[in-house]
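Below, each chain spelled out in residue letters.
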Amino acid sequence: MAVNFSEDEFQLAWTELDEPQLDGWEFFTETTGVKIYRLYHKESGLYEYKVFGSLPGCSPELCADVYMDLNYRKQWDSYVKELHEKDFNGQKVIYWEVKYPIPLSNRDYVYVRERRDLDMGGRKIWVVLAKSSSVSQCPEKRGVIRVQDYKQSLAIENDGSGDTKVFMNYFDNPGGMIPTWLVNWAAKTGVPAFLTDMKKACCNYSSFCKK
């Protein structure tokens, strides 16, 4: 099985729960208890984002299970057009097509991911890493723009009061011509909305699993 992520990458993800690394980052927005910072990438003209927040009323293990369950995500994430995992030469790869508002073309992703449930001296932390991958068996579709540069890390743990403390770091280059206002709108509203949807999905997960 191919090794897609290093030990250092998992370490860097979860340590930001304690010590956010924000040198060079600018504060972007705060809404519903979620703080978002961004870092400008000169090469692409786009921003990378770091998100700090919480999911009240949800355990981190439940959040990790919901986050990893692709079949369930197709139920609760209205932006999913197509989402599935396949095995190519012993490596599990995910294909994900995302709905974009008309007249923009949909985007799709081909990526690998890995979840680790860590025990750091009795402290339980869940980390999920993902990044784009090039797989010849997943050719590009006509009318859909392939996102070639994508990465995301998620680290979660119990905050001590029964809620889930969340750190997320992500970057993707959607390609094509997307208006700046739409990019900013998506960054400001998309992540808080996603966490809100995640909370609802966590509350309904047991019912989904019983079906």
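In this text the structure is predicted, and so the values were computed from the model without any measurement. The numbers attached to residues start from 1 for each chain and follow its sequence in the written order. Where totals are concerned, whole chains, interfaces and linings use all residues; where local detail is concerned, this predicted model gives features only for residues with pLDDT of at least 70, and gives and counts side-chain atom pairs only at 80 or more. Side-chain figures throughout are based on the complete set of non-hydrogen atoms in the structure, without hydrogens or water.

Give a description of helix H1 (residues 7-15) that names residues and reports values.
Along an α-helix, residues three or four positions apart point the same way, because every turn accommodates 3.6 residues. The set of residues buried in H1 consists of Phe10, Ala13 and Trp14. On an axial view of H1, the arc spanned by its buried residues comes to 85°, and they lie on one face. In H1, the exposed residues that point more than 90 degrees away from the buried face are Asp8 and Leu12. By definition, residues are in contact when any of their heavy atoms lie within 4.5 Å. Secondary structure is summarised from DSSP: a helix means a run of H or I of at least four residues, a strand means a run of E of at least two, and numbering begins at the N terminus for each. Lining the buried residues of H1 we find strand E6 (106-120), strand E7 (123-132), strand E9 (149-158) and strand E10 (164-173). Only protein chains enter the accessibility calculation, which uses a 1.4 Å probe. A residue is then buried if its area is under 20% of the maximum for its type, exposed if over 50%, and partly exposed in between. The arc in question is the one spanned by the directions pointing from the helix axis to the C-beta atoms.

Break down the packing of aromatic side chains for me, with residues and values.
Stacked, edge-to-face and tilted are the three classes for Phe, Tyr and Trp ring pairs, Trp counted by its six-membered ring, which pair at centre distances within 6.5 Å; planes under 30 degrees apart are stacked, over 60 edge-to-face, the rest tilted. Evaluated as defined, the whole model comprises 16 aromatic pairs. Judged by centre distance (5.5 Å) and plane angle (75°), the ring pair of Phe27 and Tyr37 falls under edge-to-face. Of the two residues, Phe27 is situated in strand E1 (residues 26-31) and Tyr37 in strand E2 (residues 34-41); the sequence distance between them amounts to ten residues. Accessibility expressed as a relative area gives 45% for Phe27, which makes it partly exposed. Residue class for Tyr37 comes out buried when judged on its relative accessible area of 16%. Taking 5.0 Å as the distance between ring centres and 75° as the angle between the ring planes, the aromatic pair formed by Tyr109 and Tyr150 counts as edge-to-face. In this pair, Tyr109 sits in strand E6 while Tyr150 sits in strand E9, placing the two residues 41 residues apart along the sequence. Like Tyr150, Tyr109 is buried. One aromatic cluster is present, built from ring pairs that chain together Phe28, Tyr40, Tyr47, Tyr49 and Tyr170. A cation over a ring is seen here: Arg116 above Phe10, with NZ or CZ 4.1 Å from the ring centre. Criterion for a charge above a ring: Arg CZ or Lys NZ at most 6 Å from the ring centre, at most 35 degrees from the ring normal.

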